[in-house]
Amino acid sequence: MKGTILAKEDKPARSVNHVAIIMDGNGRWAQARKKPRLFGHHAGAKRVRQIVRACPENGVKYLTIFAFSTENWKRTQTEVSGLMLLFRRYISKETKALIKHGVRVRFIGDRVRLDAKLVSLMDELEQLTSGNDRVHMTVALNYGGRDEVARATKRLAQEVADGKLSPDDVDEETLPRFLDTYVLPDPDLVIRTSGEARISNFLLWQSAYAEYEFIDTLWPDFTPEIFANIIDGFGKRDRRFGGAKP
Ligand code: FPP
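Rules used throughout
- Residues numbered from 1 in each chain as written.
- Predicted model: local features only at pLDDT ≥ 70, side-chain atom pairs only at ≥ 80, totals over all residues.
- Heavy atoms only, no water.
- Helix = DSSP H or I, 4+ residues; strand = E, 2+ residues; numbered from the N terminus.
- Buried < 20%, exposed > 50% of the residue type's maximum accessible area, 1.4 Å probe, protein only.
- Near = heavy atom within 4 Å.
- Polar contact = N/O pair within 3.5 Å; in protein donor to acceptor, adjacent residues only side chain to side chain.
- Areas by Shrake-Rupley, 256 points an atom, 1.4 Å probe, with all protein chains shown as cover.
- Nonpolar A, V, L, I, M, F, W, Y, C, P; charged D, E, K, R; others polar.
- Phe/Tyr/Trp six-rings, centres within 6.5 Å; stacked < 30°, edge-to-face > 60°.
- Salt bridge = Lys/Arg side-chain N within 4 Å of Asp/Glu carboxyl O.
- Pairing = 2+ DSSP bridges.

A. Just unusual backbone geometry, in detail. Within the chain, asparagine 142 stands out as a residue other than glycine whose phi angle is a positive 55 degrees. Mapped onto the elements of the fold, asparagine 142 is located in strand β4 (residues 135–143). On the accessibility criterion, asparagine 142 (4% relative accessible area) is buried. Positive phi, close to 45 degrees, is recorded for serine 200, a residue that is not glycine.

B. The arrangement of the site of the ligand in detail. Asp24, Gly27, Arg28, Arg37 and Arg75 are the nearest of the 18 residues found near the ligand. Aspartate 24 places a polar side-chain atom, nitrogen or oxygen, 3.0 Å from an oxygen atom of the ligand. A distance of 3.2 Å is found between an oxygen atom of the ligand and a backbone nitrogen or oxygen belonging to asparagine 26. Its free accessible area being 620 Å², the ligand has 92% of it covered by the protein chains. With four residues, the top contributor of residues to the shell around the ligand is helix α2 (residues 37–54). Here the shell around the ligand is composed, by residue class, of eight nonpolar, six polar and four charged.

C. Summary view of the packing of aromatic side chains. For the coordinates displayed, the defined rule picks out nine aromatic pairs. Ring geometry for phenylalanine 68 versus phenylalanine 87: centroids 6.4 Å apart, planes at 85 degrees, classification edge-to-face. With phenylalanine 68 in strand β2 (residues 62–69) and phenylalanine 87 in helix α3 (residues 77–100), this residue pair connects regions lying 19 residues apart in the sequence. Phenylalanine 68 gets classed as buried once you look at its relative accessible area, which sits at 0%. The exposure class of phenylalanine 87 is buried, given its relative accessible area of 12%. The interplanar angle of 90 degrees and the centroid separation of 6.1 Å between the aromatic rings of tyrosine 143 and phenylalanine 202 together place this pair among those described as edge-to-face. Here phenylalanine 202 lies in the loop between β5 (189–192) and β6 (211–214) and tyrosine 143 lies in strand β4, a separation of 59 residues in the sequence. Judged on exposure class, the residue tyrosine 143 and its partner phenylalanine 202 are both buried. Chaining the aromatic ring pairs together yields one cluster made of Phe66, Tyr143 and Phe202.

D. Broad picture of the side chain of arginine 134. Along the polypeptide, arginine 134 turns up in the loop between α4 (116–128) and β4. What makes arginine 134 buried here is its relative accessible area of 13%. Within polar-contact distance, the side chain of arginine 134 engages the backbone oxygen of histidine 101 at 3.4 Å.

E. Main features of the pattern of salt bridges. Scanning the model with the defined rule gives 14 salt bridges in all. Of the charged contacts, one joins glutamate 79 and arginine 37 as a salt bridge, the two residues approaching to 2.8 Å between their closest N and O atoms. With glutamate 79 in helix α3 and arginine 37 in helix α2, the pair connects residues that are 42 residues apart, well separated along the chain. Sharing partners across several salt bridges, the network here consists of Asp24, Arg28, Arg192, Glu196 and Arg198.

F. Focus on the pairing of β2. The element β2 is largely enclosed, with a buried count of eight among its eight residues. Of the strand pairs in this sheet, strand β1 (residues 18–22) and β2 are connected by five bridges, and their pairing is parallel. Each bridged residue has a counterpart across the sheet, and for histidine 18 the counterpart in β2 is tyrosine 62. Of the strand pairs in this sheet, β2 and β4 are connected by seven bridges, and their pairing is parallel. By the bridge assignment for β4, phenylalanine 68 is matched with leucine 141.

Below you can see the structure in the form of structure tokens.
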């Protein structure tokens, strides 16, 4: 526990154990201020820091954020390289604070296409925070739900080919063991900012029973207060996972 901020004010995790967020609207936020899109991404990164810190007081143990999708490579070279640099700087700058706040960081997505320097910072951050348990933050970077399922299936097929797994044993419990998220619980709530009501290839398998919250706020305007209100509202929802009302 040495160095970790004491967790006296932490709310016990309730039904909203895992929140996943599609952080949308950085570009529009910047454009509205006549600034380049990267200005919006930098403002977005500041919000990430605040929202991670707001998790314990809201009873959120797991937070998963969509930082870069497999489709985001289609953006301009300037925006893509600016985002990659932002991720590197974010990791370097935030490592100490993440450790101090007891945050365990994991990355999901395909690392193959990512810059080697970024990948080594990601590995190092995962390693340095691996003993933390107050908040589990997962960053989806070069992530796409279909790509993840395809990669998982490939690994599963390899185990079958190697004779380690029988096709008869493949069921709903088997496939998730090959997903990038195999150690994480499924999300209870998926939030998307900026008024778009789409899931855009995010956690397709894992969100089968999640609740969705689509809000108009652009990500750089997403305050800890808005986050807390959404979590409060979530606690009042009636989740039945396909069962009937009692
Ligand atoms: C979507 O807004 C945002 C992204 C593709 C990048 C998300 C990245 C951050 C919030 C930066 C910080 C993240 C970390 C982990 C440090 P958009 O560009 O699609 O906005 P638009 O729809 O208004 O164009």
